[in-house]
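# Structural overview for review
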Amino acid sequence: MRPTLAPFPATRLRRTRASAPLRDLVQENTLSVKDLIWPVFVVEGQATRQPVASLPGVERLSIDLLVDAAAEAAALGIPAICLFPYTDPALKTQACEEAWNPDNLSNRAIRAIKASVPDIAVMTDIALDPYNINGHDGIVEDGVILNDETVEALVKMALAQAEAGADILGPSDMMDGRIGAMRGALEAAGHKDVAILSYAAKYASCFYGPFRDAVGASGALKGDKKTYQMNPANSDEALRLVERDLSEGADMVMVKPGLPYLDVCRRVKQAFGAPTFAYQVSGEYAMIEAAAARGWIDGEAAMMESLLAFKRAGCDGVLTYFAPRVARRLRAG
Ligand SMILES: NCc1[nH]cc(CCC(=O)O)c1CC(=O)O
């Protein structure tokens, strides 16, 4: 689309910016509570809340408190919550068996939320890092990430989560062939309505640091994730990954991190027109909070502006740790 402009002064572009009602009328994009997915951290115990030092305002919650938080999110109109477990280090192994234990922390949390708060969609994380003694998303043998063995493990994990009642599965592992394998297994097991939101274009990013603290994976991780997560220099490759995941049966796709990759969000949405999400990751949240805490930026305004930017870039929704705060703020008007 090319803008048509009469010459000045017939065109004065400031006219539609001159007052709040005019600005409201010509506003092109809006952020709604319906655009939000809230990532949360779950920990063993009862009535337990643990602050995460590098994510001020974010806490790990035991299942009982998580259910209350999910009910609050649902009451605010947030459509989905995304679970990440803090796994007891004693349960981490080389083969990652805890990942598909039907009674692991994450699967118990799914059941508890679905039983008490049926109106909120529960999204999960599919990757082996919380269960892996190496901290990697895949099974490691002699320092090598084994793709196909990992996919087999991820399929078991996906089935256990679907069985527990998950509505949306979020494979965040970046192995090849996992979406097709999961989709086939879900259909065969009768889970035909379980959606897959593929972390299709997930970059090997330094912005995940605080998250790894939150799930207790920072200490465990040996090396980096560059053999499976993407090179931040690439975006044609993101389109190939998205196309591959859609063709294998992903219902929705994600770009991650968010703000530094808005160009990728835009390209993905334009190329495929599929439901496209961005993950405003832990490091992005931490940057805003840290600058706000020093009085260097207005944190509330930065929160709203950063999230609106995802809508402008073409995203259908955003995973953000700000979700309940944004929802309250949008409700207040
Ligand atoms: N499978 C791991 C996973 N799932 C979501 C995040 C990051 C989320 C965030 O930083 O907020 C990560 C970290 C990683 O890949 O190391």
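Keep in mind it's a predicted model, so treat the numbers as computed, not measured.

Next up on the list: the environment of Lys 226. Residue placement: Lys 226 occurs in the loop between helix 6 (209–214) and helix 7 (236–247). Between the alpha carbons of Lys 226 and Tyr 131 there is a distance of 19 Å; along the sequence they are 95 residues apart.

Running from N to C, helix 9 (residues 282–293) and helix 10 (residues 299–312) point in directions that differ by 155°, and their axes come no closer than 9 Å. Of the possible angle classes, the one that applies to helix 9 and helix 10 is roughly antiparallel. Crossing hand, helix 9 versus helix 10: right-handed. Between helix 9 and helix 10, the residues in contact are Ile 288, Glu 289 and Ala 292 and Gly 299, Ala 302, Met 303 and Ser 306, respectively.

Let us look at the environment of Gly 143. In this fold, Gly 143 is placed in the loop between strand 6 (139–141) and strand 7 (144–146). On a C-alpha basis, the gap between Gly 143 and Gln 280 in space is 30 Å, while along the polypeptide they are 137 residues apart.

Here we come to the site of the ligand. Taken together, Asp 125, Ala 127, Asp 129, Asp 137, Ser 172, Tyr 208, Phe 211, Arg 212, Lys 225, Val 281 and Ser 282 make up the full set of residues near the ligand. Residues that form the shell around the ligand fall into these classes: four nonpolar, two polar and five charged.

Looking now at the nonpolar core. Within the largest apolar cluster, 103 residues are counted, with the highest numbers of intra-cluster contacts made by Val 40, Val 42 and Ile 81. Among the elements that take part in this core, helix 4 (residues 147–164) stands out by supplying nine residues, more than any other. Aside from chain neighbours lying at most four places away, what touches Val 42 is Arg 60, Leu 61, Ile 63, Leu 66, Leu 83, Pro 85, Tyr 86, Leu 105, Ser 106 and Ala 109.

Taking 1.5 Å of rise per residue, the 12 residues of helix 7 would be expected to cover 16 Å, and the 17 Å separating its terminal C-alpha atoms lies within 8% of that figure. Residues Ala 238, Leu 241, Val 242 and Asp 245 constitute the buried set of helix 7. Buried residues of helix 7, seen end-on, are gathered within an arc of 100° and therefore sit on one face of the element. Turned more than 90 degrees away from the buried face of helix 7, the exposed residues are Asp 236, Arg 240 and Ser 247. At its buried positions, helix 7 is contacted by helix 5 (178–188), strand 9 (195–202), strand 10 (252–256) and helix 8 (262–272). Just beyond helix 7, the residue with positive phi is Gly 249, at close to 115°.

A word on the UniProt feature "active site" (unreviewed entry) in the chain. Within this structure's numbering, the places UniProt gives as "active site" (unreviewed entry) are Lys 202 and Lys 256. In summary, the annotated positions, though distributed over 55 residues, converge in three dimensions, the widest C-alpha pair being only 4.8 Å. One can find Lys 202 in strand 9. In this structure, Lys 202 is in contact with Ser 172, Met 174, Gln 229, Met 230 and Lys 256, ignoring residues within four places of it in sequence. Structurally, Lys 256 is set in strand 10. A tally of 24 C-beta atoms within 10 Å means that Lys 256 is categorised as buried.

Of all five residues that make up strand 10, four are buried, and the element is covered over most of its length. Sheet analysis places strand 9 next to strand 10, joined by four bridges and oriented parallel. Of the residues in strand 10, the one forming a bridge with Leu 197 is Met 252. Taking the sense of rotation as the criterion, the β-α-β connection linking strand 10, helix 8 and strand 11 (residues 276–280) turns out right-handed.

What follows concerns helix 4. End to end, helix 4 covers 26 Å across 18 residues, agreeing with the expected 26 Å (1.5 Å per residue, within 8%). Of the surrounding secondary structure, the elements contacted by the buried residues of helix 4 are helix 3 (105–116), strand 5 (121–126), strand 6, strand 7, strand 8 (168–171) and helix 5.

Once that is clear, we can look at the pairing of strand 1 (residues 36–42). Most of strand 1 sits inside the fold, with seven of its seven residues counted as buried. Side chains Leu 36, Trp 38, Val 40 and Val 42 project from strand 1 onto one buried face, and the interleaved Ile 37, Pro 39 and Phe 41 project onto a second face that is buried too. Where strand 1 lies against strand 4 (residues 80–85), six bridges are found, and the strand directions are parallel. Directly across from Val 40, in strand 4, lies its bridge partner Leu 83. Strand direction decides the pairing type here: strand 1 and strand 3 (residues 59–61), joined by two bridges, are parallel. Looking across to strand 3, one finds that Val 42 is bridged to Leu 61.

Rules behind the numbers
- Residues numbered from 1 in each chain as written.
- Predicted model: local features only at pLDDT ≥ 70, side-chain atom pairs only at ≥ 80, totals over all residues.
- Helix = DSSP H or I, 4+ residues; strand = E, 2+ residues; numbered from the N terminus.
- Axes fitted to C-alpha atoms, helices over the stretch in contact; angles between N-to-C directions.
- Parallel < 35°, antiparallel > 145°, perpendicular 65-115°, else oblique.
- Left-handed = near helix turned anticlockwise from the far one by under 90°.
- Contact = placed C-beta atoms within 7 Å.
- Near = placed C-beta within 6 Å.
- Nonpolar A, V, L, I, M, F, W, Y, C, P; charged D, E, K, R; others polar.
- Core = buried A, V, L, I, M, F, W, Y, C linked by C-beta atoms within 7 Å.
- Buried ≥ 20, exposed ≤ 12 C-beta atoms within 10 Å, placed from the backbone.
- Expected span 1.5 Å × (residues − 1).
- Arc of directions from axis to C-beta.
- UniProt positions renumbered as here; feature names shortened; annotations may be inferred.
- Pairing = 2+ DSSP bridges.
- Right-handed = clockwise from strand over helix to strand, strands pointing away.

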